[in-house]
Structures are given as structure tokens and as C-alpha cells.
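Given next are the chains, with one letter for each unit.
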Amino acid sequence: MTAVSDPSANPATPDLLDLPALTAAHFARIEDKVAALMRTRCDVVAMQGEALLPLEACIRSAVRPGSTALNIITGPYGETFGGWLRSCGAEVVTLTAPFTGAVTPQQVAEALRERPEIDFVSLVHAEAATGNTNPVAEIGAVVREHGALLMLDAVASVGAEPLLTDEWGVDLCVIGGQKAMAGPAGVSVASVSARAWERIAANEQAPRRSYLSLLDWKERWIDGGRTALPHAPAQLEMLALEQAADRLEAEGLEAVLTRHRAAAAATRAGVRALGGLAPYVVRDEDAAPAATTLRAPEGVDAREIVTAAVAVDATVPVQAAAGALAKEMIRVNHYGRAADRAVVTASLVALAGGLRVLGVSVDAEGAAQAAGAAWDAVVAG
């Protein structure tokens, strides 16, 4: 009979089962740490689920039947928001930018001028799936002047690039811990401005007695001074989120942001020197620090390149895009702990090896030199 190992007998294995209860005070402290990372003094709600949960909750809470919403699409998540907005009974005005770049504040201003009845704007800060990032500060100013609410998906940007929720006039901001924070995926946070709470309270269709209800959280948690949790907390996920926030604070947020900028710059410079591949996002200023997307050579399937690259090194964070872009786009993730010089170098080496297998001529040495120089330049400031 095989003996069953006891994890608690191994001092290297943490005890994840018999933890002391997570108190309301501790839960609130974790929320405050994340709020500080988001640069907001507004109410925050830590919801027990992947970030799609609070994103849908924000839309269903703030968007009422008969309203008009501007949905800005620069990647797949923006497309998802449009479906939720329509199911809330809103008329949706769609502003789509090519996945090779970002939307401009001028485009947003023009859309708002053409449809002055727009009262809600949904935007993704950075799209890890397409590798682009949008100028939220400028867009937020335009939306605020118009008077609409702004909802921002900052899941792929928090910890990778500046996120100034209050300064930018973001009314509903959602983050997750699983990307640049290098934390858990099972808990996420939404910040809610006073203007957004007013809109939600006036919406008769806002979810109540539901996992999607922000109002339930407000009444049962925030309005009571955060002294009694409305349900059993997701303890492991909340503790992991706290550790992720603490680790960022220990390293220093500016150092973390610099590390992500360096990883993106090094990847783009290395790929340009490598040959065969090209950055999918054309302008450096439109490129997200969390992930770099690459265009495969003409006539070569991106999925074959990824397969060959992973055969060279199975540890590199390289993957093919999903859906319609799968044949042409490669994604190199460099967020969280992967925003690391060695990881970027290994990714370029693996891509070089994969391209060679497929008969594409590359300059691996030149790529490594260009990547190193770009990393050093960002760190040097």
C-alpha cells in the first residue's frame, strides 16, 4: 500500500488549508493596498473571480436601457464589452482602431461630438492579446469634458505602466492580479467613483442579490464601514493578492514599471534586428509594456513558428494569437516575473531557433546585442 504524503510534514510546502480566518479588517487592508497601487481614493470592491466578473458587473450596474454607450475596440476584450452593453439595452456606438496601434483622443472626441447623447464610454487600457496600449490620460480628459462615465479595463496595465485612476477621471476601473502584478487570477478589484455610484443607484436594472451586484457590496460592506464581510472571503486568493501588492511595494513601483518598459523595448529592438519577424504594433509609443505581438513572415504560419520556438525552449512565454489572428500573430508575454532580461533574451533565442527550423534566415547575435542595448537605455533613463 502506497503511503499518502502529508504536505504539512514537509517544511518546504506551505500549509494552505488550516489558515486563520481572514478578518474584515484584514480584507479591508488588502483593498487599501490595491487602491494605493491604482492611485485612487474612491471606493474599491475586491470581487472573488477573474476580472471579467467586475468588468461585467460595472457595465450591468452603470448602463441602463435606452442609454447610448461608446465602446472603443482595440482588441478582443473591447469586443466582449459590446455584447454586454447591448444586452443591457444600450445603443452601442463602436469606435474601432486597427490592432496595429491605438485609438486617439481626437477620434474619441469626434465620436462624442457626433453623438452627444453618449453617457458611457468603455475602454481597455492595454490589450495583452494584441500588444497595444491606449492614451488613457488624454482620452479621459475628453470623456470627462463630455460628461460621460468612463470605464477602464486596466487588467494588463496595472503594474506594467502608469495607472492614475483618479487623476485621469476614470469612474470605473478594473484590475486583476495575474499579469504584471504576478499574482492570482481568482480575485479582482473595481474602483467606483461617486459619479458612478450615483448612476448605478439610479439604474433600476442594476443587478441586486447577485454576484454581479456592486450595490450589494456597497450597502453590505462599504456603507457599513467595512466591518463585517457579506460572505466568506476567498482567503487564499486575497492573501496572494496582498503578497503581490507587497512585493511590488518592496521592489518599488517605479522600478517595476521600468522593468516592464525595458522588457518591451528590448523585445521590439531584438525582433527588428533578428529579421523575419516584425512588431505587430507599428509605433513604439502604442506598444504595451506587458506583451509584444509580432507579425509572422509572409507565407509562414505563426503557429508553426511558436511550435518550433517552444521546441527549442519550452520555458519561454511565447504563444500564437487566438482566433482570426492565429496564423499571422505571435505574442511574447513579458509581464510580472517574465519582465526580466534573461527571459527576453531566451525568448529571442527560441524564436531565432524556430525560424531557422522553418528556413527563415535570422541574425540571432544581432538580436541579442540590440535587445541588450535597448534594455540598458531604458534603465539608464
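Predicted model, so just to flag it, every value in this text is computed and none were measured. (Residues numbered from 1 in each chain as written. Predicted model: local features only at pLDDT ≥ 70, side-chain atom pairs only at ≥ 80, totals over all residues. Heavy atoms only, no water.)

Peer 1: How should I be thinking about the overall build of the chain in this particular structure?
Peer 2: Regarding its fold elements, the chain presents twelve helices and 13 strands. Computed over the C-alpha atoms, the radius of gyration of the chain is 22 Å, within 12% of the 21 Å expected from 2.2 N^0.38 for a compact globule of 381 residues. Expressed as lengths along the three principal axes of its C-alpha atoms, the size of the chain is roughly 70 × 60 × 45 Å. Counting only residues that meet the buried cut, the chain has 55% of its 381 residues in that class. Considering only contacts within the chain whose residues lie at least 6 apart along the sequence, 71% involve residues at least 24 apart. On the chain, roughly 16300 Å² of surface is accessible, and the fraction owed to carbon and sulfur atoms is 54%. Within the chain, the 45 negative side-chain charges are centred at a point lying 2 Å from the centre of the 31 positive side-chain charges. (Helix = DSSP H or I, 4+ residues; strand = E, 2+ residues; numbered from the N terminus. Rg over C-alpha atoms; globule rule 2.2 N^0.38 Å. Buried < 20%, exposed > 50% of the residue type's maximum accessible area, 1.4 Å probe, protein only. Contact = heavy atoms within 4.5 Å. Areas by Shrake-Rupley, 256 points an atom, 1.4 Å probe, with all protein chains shown as cover. Lys, Arg positive; Asp, Glu negative; His and termini not counted. Charge placed at Lys NZ, Arg CZ, Asp CG, Glu CD.)

Peer 1: Quick question: what am I supposed to make of the side chain of glutamate 161 here?
Peer 2: The residue glutamate 161 is located in the loop between strand S7 (149-153) and strand S8 (172-176) in this model. Comment: no salt bridge for buried glutamate 161; closest opposite-charge side chain is arginine 261, at 9.0 Å. Contacts of glutamate 161, omitting those with residues within four sequence positions, involve His125, Ala126, Thr133, Leu257 and Pro289. (Salt bridge = Lys/Arg side-chain N within 4 Å of Asp/Glu carboxyl O.)

Peer 1: How do you make sense of the domain arrangement of the chain when you look at a structure like this?
Peer 2: When the parts of a complex come together, some accessible area is lost, and that lost area is often used as the size of the interface. When its domains are assigned, the chain resolves into domain 1 (24-250) and domain 2 (253-380). Facing the 24 residues of domain 1 at the interface are 22 residues of domain 2. Both faces considered, domain 1 and domain 2 share a buried interface measuring about 1800 Å² in area, 66% of it formed by carbon and sulfur atoms. Interface area lost by domain 1 to domain 2 is led by Thr100, Gly131 and Ala160, which between them contribute 25%. In this assembly, domain 1 and domain 2 are joined by zero salt bridges. At the boundary of domain 1 and domain 2, one finds six residue pairs in polar contact (both at pLDDT 80 or more). (Domains from an automatic or database assignment. Buried area = accessible area lost by both parts, 1.4 Å probe. Polar contact = N/O pair within 3.5 Å; in protein donor to acceptor, adjacent residues only side chain to side chain.)

Peer 1: I keep staring at the nonpolar core and nothing clicks. Help me out?
Peer 2: Side chains that are nonpolar tend, in soluble globular proteins, to be buried together. Core analysis: the largest hydrophobic core is formed by 83 residues, its most contacted members being Leu70, Val108, Phe120 and Ile175. Leaving out residues up to four positions away in the same chain, valine 108 has contacts with Leu70, Ile72, Leu95, Val103, Ile139, Val142 and Val143. (Core = buried A, V, L, I, M, F, W, Y, C linked by side-chain atoms within 4.5 Å.)

Peer 1: What am I meant to see in the pairing of strand S2 (residues 68-73) here?
Peer 2: Taken across its six residues, S2 has six buried, putting it largely inside the fold. A two-sided burial pattern is seen for S2, the buried positions comprising Thr68, Leu70 and Ile72 on one face and Ala69, Asn71 and Ile73 on the other. Sheet topology note: the S2/strand S3 (residues 91-96) ladder contains six bridges and is parallel. The residue bridging threonine 68 from the neighbouring strand is glutamate 91, located in S3. Crossover handedness for the path S2 to helix H3 (residues 76-87) to S3: right-handed. Bridge count between S2 and strand S4 (residues 118-124): four bridges; the pairing is parallel. Residue alanine 69 lies in a different strand from S4, and its bridge partner there is phenylalanine 120. (Pairing = 2+ DSSP bridges. Right-handed = clockwise from strand over helix to strand, strands pointing away.)

Peer 1: What exactly am I supposed to notice about the UniProt feature "modified residue: N6-(pyridoxal phosphate)lysine" (unreviewed entry) in the chain here?
Peer 2: On the UniProt side, "modified residue: N6-(pyridoxal phosphate)lysine" (unreviewed entry) is annotated at positions that read Lys179 here. Here lysine 179 is to be found in the loop between S8 and strand S9 (188-192). Residue lysine 179 is classed as buried on the basis of its relative accessible area of 13%. Contacts of lysine 179, omitting those with residues within four sequence positions, involve Ala128, Val155, Ala156, Arg331, Tyr335 and Gly336. (UniProt positions renumbered as here; feature names shortened; annotations may be inferred.)

Peer 1: Hey, could you run me through the sheet that holds strand S13 (residues 329-333) in this one?
Peer 2: Pairing between the strands of a sheet is mediated by backbone hydrogen bonds and can be parallel or antiparallel. The sheet built from four strands is open, its strands ordered S10-S11-S13-S12 with antiparallel pairing. The open sheet has two free edges, formed respectively by strand S10 (278-279) and strand S12 (318-320), since each of these has just one partner strand. Two strands pair when backbone bridges link them, and S12 and S13 are joined in this way by three bridges, in the antiparallel orientation. Among the inter-strand pairings, valine 318 is bridged to a residue of S13, identified as valine 332. Packed on one face of the sheet, helix H11 (residues 341-357) meets strand S11 (291-295), S12 and S13 and runs near 155° to S13. (Axes fitted to C-alpha atoms, helices over the stretch in contact; angles between N-to-C directions.)

Peer 1: Any chance you could explain the UniProt feature "binding site: substrate" (unreviewed entry) in the chain here in plain terms?
Peer 2: Feature annotation in UniProt assigns "binding site: substrate" (unreviewed entry) to the following positions: Arg331. Structurally, arginine 331 is set in strand S13.

Peer 1: Please explain the pattern of salt bridges as it appears in this structure.
Peer 2: In a structure, side chains of opposite charge can pair up when their charged atoms sit close to one another. Throughout the structure, instances matching the rule amount to 22 salt bridges. In this structure, aspartate 119 and arginine 64 form a salt bridge, with 3.2 Å as the shortest nitrogen-oxygen distance. Taken together, the residues span a long stretch of sequence, with aspartate 119 in strand S4 and arginine 64 in the loop between helix H2 (52-62) and S2 at a distance of 55 residues. Classification of aspartate 119 as buried rests on a relative accessible area of 12%. Notably, a salt bridge pairs arginine 295 with glutamate 328, separated by 3.4 Å at the nearest N-O pair. Within this pair, whereas arginine 295 is found in strand S11, its partner glutamate 328 is found in the loop between S12 and S13, the two being separated by 33 residues in sequence. Shared partners join several salt bridges into a network, and the residues in it are Glu31, Asp32 and Arg226.

Peer 1: Mind showing me how you'd approach the confidence of the model for the chain here?
Peer 2: Low pLDDT means the predicted atomic positions in that stretch should not be read closely. Taken over all residues, the pLDDT of the chain has a mean of 95, while the share at 70 or more is 96%. A low-confidence stretch, residues 1-9 (pLDDT under 50), is modelled with one contact involving residues beyond four sequence positions or located in other chains. (pLDDT = per-residue confidence, 0-100.)

Peer 1: Would you mind showing me how to read helix H6 (residues 194-202) here?
Peer 2: An α-helical turn contains 3.6 residues, so any two residues separated by three or four positions project in the same direction. Buried within H6 are the following residues: Ala196, Trp197, Arg199 and Ile200. One side of H6 carries all its buried residues, which in axial view fall inside an arc of 165°. In H6, the exposed residues that point more than 90 degrees away from the buried face are Ala194, Glu198, Ala201 and Ala202. (Arc of directions from axis to C-beta.)

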